[in-house]
Amino acid sequence: MLFLSDVRDLIASLNIVDSDHVYSGKLDNKKDESIGVYNNKRGSPKRKTVSGGKLQTYAVKPISVLVHWNKKQRETERKAYEVYTAIKKIKNMTINDKSILFTDMSMEEAVDVGTDDNGIYEMVIEFDIYYKI
């Protein structure tokens, strides 16, 4: 099983931001220039057996990443692009003894979701992680 905390560690290992600015489950105190990692609410697709009745050797974990950056839209958009590109390149990695096969981006780019109550720009990136089970 790939846990949300494993995905948080995977994103932190990409060295896009300081690892103490990457969160899972809840973006504590909404520090500026942070990344939040969440389970995507759409859930994971049900795995099916295909010919021969063997279970597949992989699973899929849907993830949503919030890039909570700063009060400058341009800088936020550029950072979100950097995060998106880094996630898209994930292939054949190991994190916390979990073997990540690849990611499949759900959207063509990060989606602008406006600002929070403090005027901090935010963008969302959604993707699926395929991993060995």
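Above this text is the structure in question.
Notes on the structure in this doc start here. (Residues numbered from 1 in each chain as written. Predicted model: local features only at pLDDT ≥ 70, side-chain atom pairs only at ≥ 80, totals over all residues. Heavy atoms only, no water.)

Considering the nonpolar core
Quick reminder of the rule: In these notes, a set of buried Ala, Val, Leu, Ile, Met, Phe, Trp, Tyr and Cys residues joined through side-chain atoms within 4.5 Å is what counts as a nonpolar core. Burial here depends on accessible area, computed with a 1.4 Å probe over protein chains only, as a share of the maximum for the residue type. Under 20% is buried, over 50% is exposed, and the range in between is partly exposed. The helix and strand labels rest on DSSP assignments: H or I over at least four residues marks a helix, E over at least two residues marks a strand, and numbering proceeds from the N terminus.
Ranked by size, the top nonpolar core spans 31 residues in total, and within it V65, I87, I125 and F127 carry the most contacts. Looking at this core, the elements with two or more residues in it are α1 (4-13), β2 (34-39), β3 (58-68), α2 (73-88), β5 (98-105) and β7 (121-132).

What about the pairing of strand β6 (residues 111-115)?
In summary, the side chains of a regular strand alternate between the two faces of the sheet. Operational definition: Criterion used throughout: strands pair if DSSP finds at least two bridges between them.
In the sheet, β6 pairs with β7 via 3 bridges, with the strands oriented antiparallel. Residue pairing for β7: V111 is matched across the bridge by V124.

So, the environment of E108
Structurally, E108 is set in the loop between β5 and β6. The spatial distance from the C-alpha of E108 to the C-alpha of E126 is 9.7 Å, given a sequence separation of 18 residues.

Here's the deal with the side chain of E122
In plain terms, the rule: For the purposes of these results, a polar contact is taken to be a pair of N or O atoms within 3.5 Å, where, inside protein, one atom must be able to donate a hydrogen and its partner to accept one; residues adjacent in sequence count only when each atom of the pair is a side-chain atom. Contact criterion: two residues are considered in contact whenever any of their non-hydrogen atoms come within 4.5 Å of each other.
Relative to the helices and strands, E122 is located in strand β7. Classification of E122 as buried rests on a relative accessible area of 8%. Of the polar contacts made by the side chain of E122, one reaches the side chain of H68; its length is 2.7 Å. If we skip the residues at most four places from it in the chain, E122 touches K30, L66, V67, H68, T76, V111, D112, V113, G114 and D116.

Comments concerning the environment of E77
Position of E77 among the secondary structure elements: in helix α2. Note on E77: relative accessible area 42%, which makes it partly exposed. The spacing of E77 and Y121 is 44 residues in sequence and 8.6 Å in space, taken between C-alpha atoms.

Examining the pattern of salt bridges
Condition: The salt bridge criterion pairs a side-chain nitrogen of Lys or Arg with a carboxyl oxygen of Asp or Glu, the two atoms within 4 Å.
Overall, the coordinates contain 4 salt bridges when judged by the stated rule. Between R8 and D9 there is a salt bridge whose closest N-O contact spans 3.2 Å. By relative accessible area, R8 is classed as buried at 18%. Among the salt bridges present, the one from K72 reaches E75, with a minimum N-O distance of 3.8 Å.

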